[in-house]
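# Remarks on the overall topology
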Amino acid sequence: MDIVHTIPELRAALAARQCPAFVPTMGNLHEGHLALVRQARPLGDATVVSIFVNRLQFLPHEDFDSYPRTWERDCALLREAGCDLLFAPRESDLYPEPQTFKVQPDPALADILEGQFRPGFFTGVSTVVMKLFSAVFGTRPGGVAVFGKKDYQQLMVIRRMVEQFVLPVRIVAGDTQRAADGLALSSRNGYLSEAERAEAVQLSLALRSLAREALAAADALPARATEIEQRAVAAPAARGGPVACLTVRRRADLQPPQPGDASGALVVLGAARLGRTRLIDNFEV
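Residues numbered from 1 in each chain as written. Predicted model: local features only at pLDDT ≥ 70, side-chain atom pairs only at ≥ 80, totals over all residues. Heavy atoms only, no water.

### Digging into the sheet that holds strand β5 (residues 144–148)
Strand order in the open sheet made by the six strands is β1-β4-β3-β2-β5-β6, with parallel pairing throughout. If you trace the sheet from one side to the other, it starts and ends with β1 (2–4) and β6 (170–174), each paired once. Adjacent strand axes in the sheet meet at a mean angle of 25°, parallel and antiparallel pairs treated alike. Across the sheet, helix α3 (residues 71–81) lies against β1, β3 (46–51) and β4 (85–87), angled at about 165° from β3, the strand it touches most. (Pairing = 2+ DSSP bridges. Helix = DSSP H or I, 4+ residues; strand = E, 2+ residues; numbered from the N terminus. Axes fitted to C-alpha atoms, helices over the stretch in contact; angles between N-to-C directions. Contact = heavy atoms within 4.5 Å.)

Below, the structure is given as structure tokens:
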């Protein structure tokens, strides 16, 4: 595995490649990231992974400074997973001057759900991904980027950005990887205490219950969506569980279900806070 830190070094390393397959990360890697790398390998002629903790997507009170940096371990895991090229820019490489030009995603998609809880988050994500795409793919006629479904709204925002800007990048979704008890793998799971980790699985259990109810009530969902969401939240809340919000949305635009939406068109999404850790998860219905 080659390691480069600057954009000129990255472009030189990829000069002979026609179709890189790219997985952007913030490091602190786990099996969810590695599954995306393995998924990317047969999709292009070079497997590229980036590690960059992007300041633009952190609110002032969030964990940018304390976000885990596990460089040596990450490199070892990426070698084992078959990464060809690791791009690990310094902040001055991606942002050599204040980033006054930013990608503002559609508020109808980006200012709801996680975007409502974390204002500006998806502007920071979209801006850094646009810069990374420019650095990795340049003027090539094609390329592939793999994003996990665990961050479902992020996946939708990036897909829409690629469509709107007609970028020559094919976005491929990777399934959420889970622990044996069903908890979605996340870099922030490492923040959980032992007791919090035991409680955290209630988020996926509540979402599975909501998914079953949404499927059973698909024909009546516009009228019953609020009712079944409230019931899904009430069950773990009665046990002192951590669920903060659960919702049924359309996969296409993350808006509430409409008449005619049925199985195959919906996704249930949820978020929970345990101590200082906010967890998110989802299941397609």
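### Side note on the packing of aromatic side chains
Throughout the structure, instances matching the rule amount to eight aromatic pairs. On the numbers, 6.2 Å between centres and 80° between planes, the contact of F22 with F137 is edge-to-face. Of this pair, F22 sits in strand β2 (residues 20–25) while F137 sits in helix α7 (residues 121–137), and the two are 115 residues apart along the sequence. Each member of the pair, F22 together with F137, is buried. Between the aromatic rings of F133 and F137, the centroid separation amounts to 5.6 Å while the plane-to-plane angle is 65°, which identifies the pairing as edge-to-face. With F133 and F137 both in helix α7, this residue pair falls four residues apart, about one helical turn. Residue classification places F133 among the buried residues on the basis of a relative accessible area of 4%. An aromatic cluster is present here, built from F22, F133, F137 and F147 joined pairwise through their rings. (Phe/Tyr/Trp six-rings, centres within 6.5 Å; stacked < 30°, edge-to-face > 60°. Buried < 20%, exposed > 50% of the residue type's maximum accessible area, 1.4 Å probe, protein only.)

### Brief notes about the state of the cysteines
If you walk through the whole model with that rule in mind, you get zero disulfides. In this structure C75 is not part of a disulfide, and its nearest cysteine sulfur, from C83, lies 9.0 Å away. Residue classification places C75 among the buried positions, given a relative accessible area of 2%. (Disulfide = S-S within 2.5 Å.)

### A short note on helix α2 (residues 31–40)
Counting buried positions over the 10 residues of α2 gives seven, a clear majority of the element. Listed as buried for α2 are G32, H33, L34, A35, L36, V37 and A40. For α2, the secondary structure elements touched by its buried residues are β2, β3, α3, β5 and β6.

### A closer look at the side chain of K149
With respect to the secondary-structure elements, K149 resides in the loop between β5 and α8 (152–164). The exposure class of K149 is buried, given its relative accessible area of 18%. What K149 contacts, discounting residues up to four positions off in sequence, is L155, A173, G174, D175, T176, N282 and E284.

### Points about the pattern of salt bridges
Under the criterion given, the structure shown has 15 salt bridges. The partner of K150 in a salt bridge is D151, with the nearest N and O atoms 3.4 Å apart. Relative accessible area serves as the criterion here: at 14%, K150 is assigned to the buried category. Relative accessible area serves as the criterion here: at 27%, D151 is assigned to the partly exposed category. The network of salt bridges with common partners includes K149, D175, R251 and E284. (Salt bridge = Lys/Arg side-chain N within 4 Å of Asp/Glu carboxyl O.)

### Some words on the environment of D111
If you trace the backbone, D111 turns up in the loop between α5 (107–110) and α6 (114–117). Using a relative accessible area of 41% as the deciding quantity, one classes D111 as partly exposed. Counting along the chain gives 40 residues from D111 to W71, while the straight-line C-alpha distance between them is 33 Å. Residues contacting D111, with those up to four places away along its chain left out, are D106 and Q116.

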